[in-house]
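# Reading the structure
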Amino acid sequence: MTSIIGGTLPYKSPEKAISSSSYSAENDTSPVDAVIFAGTSLVLGTACRHLFNGTRVPYTVVLLVIGIVLGSLEYGTNHNLGKLGHGIRIWNDINPDLLLAVFLPALLFESSFSMDVHQIKRCMGQMVLLAGPGVLISTFCLGALIKLTFPYNWDWKTSLLLGGLLGATDPVAVVALLKELGASKKMTTLIDGESLMNDGVSVVVFQLFFKMVMGHNSDWGSIIKFLVQNSFGAVGIGLAFGFASVFWLKFIFNDTVVQITVTLSASYFAYYTAQEWAGVSGILTVMILGMFFAAFARTAFKGDSHQILHHFWEMAAYIANTLVFILSGVIIAEGILSGRAISYKGNSWGFLFLLYLYVQLSRCVVVGVLYPLLCRFGYGLDWKESIILTWSGLRGAVSLSLALSVKQSSGNSYLSSDTGTRFLFLTGGIVFLTLVVNGSTTQLLLHLLRMDTLTATKKRILEYAKYEMMKTALKAFANLGDDEELGSADWPTVIRHISSLKDLEGRQVNPQNGYEAGSLDPKNIMDIRIRFLNGVQAAYWEMLDDGRITQCTANVLMQSVDEALDLVSTSSLSDWRGLEPHVHFPNYYKFLQSKMIPRKLVTHLIVERLESACCISSAFLCAHRIARQQLHEFLGNSNIASTVINESEGEGEEAKQFLEDVRNSFPQMVISKTLRRLGC
């Protein structure tokens, strides 16, 4: 297998191979013991996810600690874990490139495929800034600080190699926490998207400096050629696999197994083709592939298929994350215990904590230098979000795998064995410190910055949801008395054992009551507009699932809602504005109706286009009618509901006018059938 650093790495180092073979002979072990470690890791991970759910401790931090404990027990007690220990050693001896090839495609594809396409488009400028110039600034800051303050006599290339290695961020813990706390979607998208691009760019920078350290030509021409090939080559391969996969999916109908298999095989084949065959960044390739799927294949999966696909990739990412973080802990423990001559020195630990401070300082420099530009691109960035962005620069499996590559390639005239061991020790320590310190304190930081609080309108939405659930539960409970088998039950005793029914029965209060006071606050109106547009988009999804609109029409409609969501804080509902280019009715259409123009030519030129426009307009009216009804049920006749409903009706007038113009100019267009087909 070709290494990400340009050479061919052995499956095991000689020392590890001798140790493992002698251990196998003495203890009757087999390669199948690797399954024991994988199974044990998943069991421990599932237990921790269950036990620590709802606490401030991130799941990934617990996994890392478990891995360190397992690794310490095995490597510190000379095989006292038996077959589990042998399984640990098998996994720990896996080639780092194979480790990345097995786990990264699943993690990268799931993250990029689950991202909102519109959010990606808006945040792309910020992501490129952080993953491009940001990685370079971080690399040179860390490299310079290491070169000037660390007593290892490393040259500039080696110092910059460690700086580039530590540039790959892994914000799994922070992103999961942001989603759980309901933080802004743009913040989650920015951090997640920056991490995806950051990993790819960091690996490219790492490869560049590693080639320099190993004595390869390092003139400016070769550097630029290397960077261009890796970047544009990865984009091209990702797009090629994306086009091919989406084209294939068009011929698959209602076969979820085949659809999932296509996405799975595409992600792994794309990574292998880029990394091993073309010699470009496999990380960037899979990221582009996932984003392409999110942009152009989102509506190819209908109904249950869409949900099942996302559930599959969530499960795949969960399994990969569980194994990766526990294995990372094992690698950290083994690196510390195997390099005792280095790790047992007090000053080594001191320089590790100093490097952690340097990592945080470099992240501050990156965000600080780029802050004026970050404020002007995409959705902008305020000072609170910049603090979270700075603190979310965690390190993870990618940095550890790169450090393992350095260690396995050391022991020559270019890289000494001590340097390789120090790289692994320092990298493992940084991964541990960033996950434990930064990952565990993010929730506290969000609370201090008051970024975890809900607005009054969002609280009312939650109260309304609880009210509707309890109303449904009470109704179902009342109907149980008429059941032939349950009618004779002791209902007073049942009520005493169901606290929610006992506390709430008979005194349910509709949350829409008393909403008039202060309801026209701009922030409340913004929240209700968002809720309304989400309802419109949900109606579009239902139409697509029922086959009432095509994938192309659905993409146009949903994009208009995404664009309108960006403007809810500054203007009224404006999703019709995004549809106007698709439903334009120019005056020359009437001229084409004259008898001078052949009827077939008229049909070819305008009728099909008008049918699509009529379908878009009809779906728009239908979705808005459904959303208005839902909003009225939620808020009744309150001022804020009336304001948003009037905005919706105003938008609908333009759609009705377009349909009326078509009906008058082209009587053969049967618009009433289109409306009935949409259920309006």
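Residues numbered from 1 in each chain as written. Predicted model: local features only at pLDDT ≥ 70, side-chain atom pairs only at ≥ 80, totals over all residues. Heavy atoms only, no water.

Before going further, it helps to examine the overall build of the protein chain. When you go through the protein chain residue by residue, the secondary structure sums to 28 helices and 0 strands. For the protein chain, the proportion of its 680 residues judged to be buried stands at 52%. As displayed, the protein chain has an accessible area near 31,100 Å², and 61% of this comes from carbon and sulfur atoms. (Helix = DSSP H or I, 4+ residues; strand = E, 2+ residues; numbered from the N terminus. Buried < 20%, exposed > 50% of the residue type's maximum accessible area, 1.4 Å probe, protein only. Areas by Shrake-Rupley, 256 points an atom, 1.4 Å probe, with all protein chains shown as cover.)

All told, the structure shown has 3 cavities of 30 Å³ or more when counted by the stated rule. What lines the largest cavity is a set of 13 residues, and nearest its centre among them are Leu99, Leu100, Val324, Ala397 and Ser401. The element contributing the most residues to the lining of the largest cavity is helix α5 (residues 96–113), with 5 residues. When grouped by side-chain class, the residues that make up the lining of the largest cavity number 11 nonpolar, 2 polar and no charged. Surrounding the second largest cavity, Leu130, Gly134, Val135, Ser138, Gly167, Thr169, Glu194, Asn198, Arg363, Val366 and Arg395 form its lining. Mapped by element, the contributors of at least two residues to the lining of the second largest cavity are α7 (133–149), α10 (185–213) and α16 (346–374). Of the residues that constitute the lining of the second largest cavity, the class distribution is 3 nonpolar, 5 polar and 3 charged. (1 Å grid on protein atoms, 1.4 Å probe; cavity = no way out; pocket = protein on both sides within 12 Å on 5 of 7 lines; lining within 4 Å. Points joined across faces, edges and corners; volume = space filled by probe spheres on them. Nonpolar A, V, L, I, M, F, W, Y, C, P; charged D, E, K, R; others polar.)

Excluding glycine, a negative phi dihedral is what most residues carry, and trans is how most peptide bonds are arranged. Positive phi outside glycine occurs at Asn153, with the angle close to 60 degrees. Its location among the elements puts Asn153 in the loop between α7 and α8 (156–165).

Taken together, Trp220, Ile224, Val228 and Phe232 make up a surface patch of nonpolar side chains, about 510 Å² in accessible area. For Phe232, the location among the structural elements is in helix α11 (residues 220–249). With a relative accessible area of 62%, Phe232 lands in the exposed category. (Patch = residues over 30% accessible without salt bridge, like charges linked within 9 Å, V, L, I, M, F, W, Y side chains within 5 Å. Salt bridge = Lys/Arg side-chain N within 4 Å of Asp/Glu carboxyl O.)

Turning next to the environment of Ser245. Turning to its location among the elements, Ser245 is positioned in helix α11. With residues near it in sequence (within four places) discarded, Ser245 still touches Val262, Ala266 and Phe293. (Contact = heavy atoms within 4.5 Å.)

As a further point, take the nonpolar core. By size, the foremost hydrophobic cluster in this structure holds 139 residues, and its most contacted members are Trp91, Leu165, Leu355, Leu389 and Leu426. Top element by residues in this core is helix α14 (residues 304–338). It accounts for 16 residues. The residues touching Leu426, leaving out its near neighbours within four places in the chain, are Phe150, Tyr152, Trp154, Leu162, Leu352 and Leu355. In terms of nonpolar packing, the next biggest core, distinct from the first, is built from 47 residues, Met558, Val568, Leu635 and Ala641 among them. (Core = buried A, V, L, I, M, F, W, Y, C linked by side-chain atoms within 4.5 Å.)

Such coordinate-based values are descriptive only and should not be taken to indicate function.
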